[in-house]
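# Close look at the chain arrangement
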Amino acid sequence: MKRLLIVLIFLTGCKDAPKAVEVTEQLSKVHHQGEAIVLDIYDYDGLEPLINKDDGKVHVVNFWATWCAPCVKELPYFEKINSDYKNKNVEVLLVSLDFPRQYDTKLKPFLKKKNIQSKVVCFDDVDQNRWIPAIDSTWSGALPATIIYKGNKRQFYEKSFTYEELETEVQQFLN
């Protein structure tokens, strides 16, 4: 039993050990199974393809968390963009940076209560020194943060949006 415990500690402490959160081959979405919300959880390697698509669509990727008041305040604007522009080749992805231990107690009830319709994925990767600059070299890591891109055109925003500001930015990518 002691050997098993030592091996488990060693594996969980190794940087290159496989992570339980790697679900890189799953589609990214929040889906409902009956009343239960099922969350897809990614590390950076799993998230990277979702934030670098080249499919002719405008992608709006918002990094947020339920504990971030400015994030929660602007979330309805992303929902409205999702609703108003889904038939105009615009795709919204909400990337939650909530703490994994709070997925069941905070995140899932929040998504259900607010009836979030945009695609939501959870991001769980402890190597901030790797993924923050990989997402954008100017990002301090503060929330909220948003990427809007289409093909090679890409803009990063480390700020909160009003609906009008967000819509203006999305429209620049549609023109």
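Residues numbered from 1 in each chain as written. Predicted model: local features only at pLDDT ≥ 70, side-chain atom pairs only at ≥ 80, totals over all residues. Heavy atoms only, no water.

Counted as a void, the second largest pocket has a volume near 260 Å³. Lining the second largest pocket are 14 residues; nearest its centre among them are Leu97, Phe99, Asp125, Gln128 and Trp131. Grouping the constituent residues of the lining of the second largest pocket by class yields nine nonpolar, two polar and three charged. (1 Å grid on protein atoms, 1.4 Å probe; cavity = no way out; pocket = protein on both sides within 12 Å on 5 of 7 lines; lining within 4 Å. Points joined across faces, edges and corners; volume = space filled by probe spheres on them. Nonpolar A, V, L, I, M, F, W, Y, C, P; charged D, E, K, R; others polar.)

In globular proteins that are soluble, nonpolar side chains generally tend to be buried together. Core analysis: the biggest nonpolar cluster contains 51 residues, and Leu47, Phe63, Trp64, Val95, Leu111, Ile135 and Trp139 have the highest contact counts within it. Beyond its immediate chain neighbours, meaning those up to four positions away, tryptophan 64 contacts Cys71, Leu75, Leu94, Val95, Ser96, Leu97, Asp98, Leu107, Phe110, Leu111, Val120 and Leu143. (Core = buried A, V, L, I, M, F, W, Y, C linked by side-chain atoms within 4.5 Å. Buried < 20%, exposed > 50% of the residue type's maximum accessible area, 1.4 Å probe, protein only. Contact = heavy atoms within 4.5 Å.)

Each aromatic ring pair is summarised here by two numbers: the centre-to-centre distance and the angle between the ring planes. The tally for this structure, following the rule as stated, stands at eight aromatic pairs. Aromatic pair tryptophan 67 and phenylalanine 99: ring centres 5.8 Å apart, planes at 15°, arrangement stacked. Here tryptophan 67, found in the loop between strand S4 (58–64) and helix H3 (69–85), pairs with phenylalanine 99, found in the loop between strand S5 (90–96) and helix H4 (103–113); they are 32 residues apart in sequence, far enough to count as distant. Residue classification places tryptophan 67 among the partly exposed residues on the basis of a relative accessible area of 46%. For phenylalanine 99, a relative accessible area of 37% translates into the label partly exposed. The structure contains a cluster of three or more aromatic residues connected by ring pairs, namely Phe63, Phe123, Trp131, Trp139 and Phe156. The side chain of lysine 88 reaches across the aromatic face of tyrosine 85, ending 5.0 Å from its centre. Taking NZ or CZ as reference, arginine 101 lies 5.1 Å from the ring centre of phenylalanine 99, over its face. (Phe/Tyr/Trp six-rings, centres within 6.5 Å; stacked < 30°, edge-to-face > 60°. Helix = DSSP H or I, 4+ residues; strand = E, 2+ residues; numbered from the N terminus. Lys NZ or Arg CZ within 6 Å of the ring centre and 35° of its normal.)

What follows deals with helix H6 (residues 163–174). The terminal C-alpha atoms of H6, which comprises twelve residues, lie 16 Å apart, in line with the 16 Å expected from a rise of 1.5 Å per residue. Taken together, the buried positions of H6 are Tyr163, Leu166, Glu169, Val170 and Phe173. Buried residues of H6, seen end-on, are gathered within an arc of 135° and therefore sit on one face of the element. Buried-residue contacts for H6 involve S4, H3, S5, strand S7 (145–150) and strand S8 (153–157). (Expected span 1.5 Å × (residues − 1). Arc of directions from axis to C-beta.)

Strand order in the open sheet made by the six strands is S3-S6-S5-S4-S7-S8, with mixed pairing throughout. Lying at the two open borders of the sheet, with one neighbouring strand each, are strand S3 (41–42) and S8. Both S4 and S7 contribute to a ladder of five bridges, which runs antiparallel. Within S7, the position partnered with valine 60 by the bridge is isoleucine 148. Contacting S3, S4, S5 and strand S6 (119–123), H4 runs over the sheet at an angle of about 165° to S6. (Pairing = 2+ DSSP bridges. Axes fitted to C-alpha atoms, helices over the stretch in contact; angles between N-to-C directions.)

Before going further, it helps to examine unusual backbone geometry. Phi is mostly negative for residues that are not glycine, and the peptide bonds are mostly trans. The peptide bond linking leucine 143 to proline 144 adopts the cis configuration, its omega dihedral lying at 0°. Turning to its location among the elements, proline 144 is positioned in the loop between helix H5 (128–135) and S7. The backbone of asparagine 89 shows a phi angle near 65°, a positive value even though the residue is not glycine. Residue asparagine 89 is classed as partly exposed on the basis of its relative accessible area of 43%. Phi is positive for asparagine 115, close to 50°, though the residue is something other than glycine. Tracing the chain through its elements places asparagine 115 in the loop between H4 and S6.

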